[in-house]
Amino acid sequence: FSRSFLENPDQPPSAVFGAWRSAVSVPLAILTGVLGIPQFSPLSTSTELDDKVQYPLFSRLIPSDAGTARATVAYLRNRLDLSFLGVLYVNDAYGSAFHAAIQEAAADREEGDRIEEVKGYSFSYSEGVADDTSELELAIKQLKESRFRVFLVCFTVSITILL
């Protein structure tokens, strides 16, 4: 929100452009919805934001993770003949929704043409908070000890510094 809105709330903005991350767009979409202000996001892809009851005035400029998940599953199954998939993801609006979308896309396929098992390994991360890597290390350890030999990694670029 602009400084002018905070100083003069009688003249709200016509719309809000942003945020880029789903983890930011989710609470912002609740606020803009309550205030009756449309919100447009250029990069927030979480399927959580598809809920028009919870986020009535939210719109995105790119497809949600549901479409990406369907294409990913089709590629992994049809091109790589993959039957088992591990997903390492950050436990936030983006990572959790993408993991759920991958599981749903895998289950929606025809019998014999689906990935038989998709298992998620999650960890928490908050940018700017002390870089505690214990949850990430545990998730990676669990993934290493599993039978999965192919896995997706789903988190933002800022997390790569922990690896």
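Our subject is the structure listed above.
Reading guide: rules and limits
Residues numbered from 1 in each chain as written. Predicted model: local features only at pLDDT ≥ 70, side-chain atom pairs only at ≥ 80, totals over all residues. Heavy atoms only, no water. Core = buried A, V, L, I, M, F, W, Y, C linked by side-chain atoms within 4.5 Å. Buried < 20%, exposed > 50% of the residue type's maximum accessible area, 1.4 Å probe, protein only. Helix = DSSP H or I, 4+ residues; strand = E, 2+ residues; numbered from the N terminus. Contact = heavy atoms within 4.5 Å. Pairing = 2+ DSSP bridges. Axes fitted to C-alpha atoms, helices over the stretch in contact; angles between N-to-C directions. Salt bridge = Lys/Arg side-chain N within 4 Å of Asp/Glu carboxyl O.

Student: I tried to follow the nonpolar core on my own but got confused; where do I start?
Tutor: Most often, soluble globular proteins have nonpolar side chains that are buried together. Judged by nonpolar contacts, the single largest core of 16 residues is most densely connected at Val73, Leu85, Val87, Ile102, Ile115, Val118 and Leu152. Of all the secondary structure elements, the ones that give two or more residues to this core are helix H3 (65–78), strand S4 (84–90), helix H4 (93–107) and strand S6 (151–154). With 5 residues, H4 is the largest single contributor of residues to this core. When residues no more than four places from it in sequence are discounted, the contact partners of valine 87 are His99, Ile102, Val118, Lys119, Gly120, Tyr121, Phe151 and Leu152. Within the second largest apolar cluster, 10 residues are counted, among which are Leu88, Tyr125, Ala139 and Phe148.

Student: Just checking my understanding: could you explain the sheet that holds strand S1 (residues 16–17) for this structure?
Tutor: Hydrogen bonds along the backbone pair up the strands of a sheet, which may run parallel or antiparallel. As summarised here, the arrangement of the 3 strands in space is S1-S2-S3, forming an open sheet in which the pairing is parallel. Across the chains shown, the open sheet's two edge strands, defined by having one partner strand only, are S1 and strand S3 (58–60). By the bridge criterion, 2 bridges tie S1 to strand S2 (residues 39–41) in an arrangement that is parallel. Within S2, the position partnered with valine 16 by the bridge is glutamine 39. Contacting S1, S2 and S3, helix H2 (residues 22–35) runs over the sheet at an angle of about 160° to S2.

Student: What is the right way to look at the pattern of salt bridges in this model?
Tutor: Pairs can form between side chains of opposite charge whenever their charged atoms are close. Tallied over the full model, the rule gives 5 salt bridges. For arginine 77, the salt bridge goes to aspartate 81, with nearest N and O atoms at 3.0 Å. Judged by its relative accessible area of 57%, aspartate 81 falls in the exposed class. Between arginine 147 and glutamate 117 there is a salt bridge, with its nearest N and O atoms 2.1 Å apart. Residue arginine 147 is located in the loop between helix H5 (134–145) and S6, and its partner glutamate 117 is located in strand S5 (residues 117–123); the two are separated by 30 residues in the primary sequence. On the basis of relative accessible area, glutamate 117 is assigned to the partly exposed category, the value being 25%.

Read these as layout, nothing more, since geometry by itself doesn't imply function.
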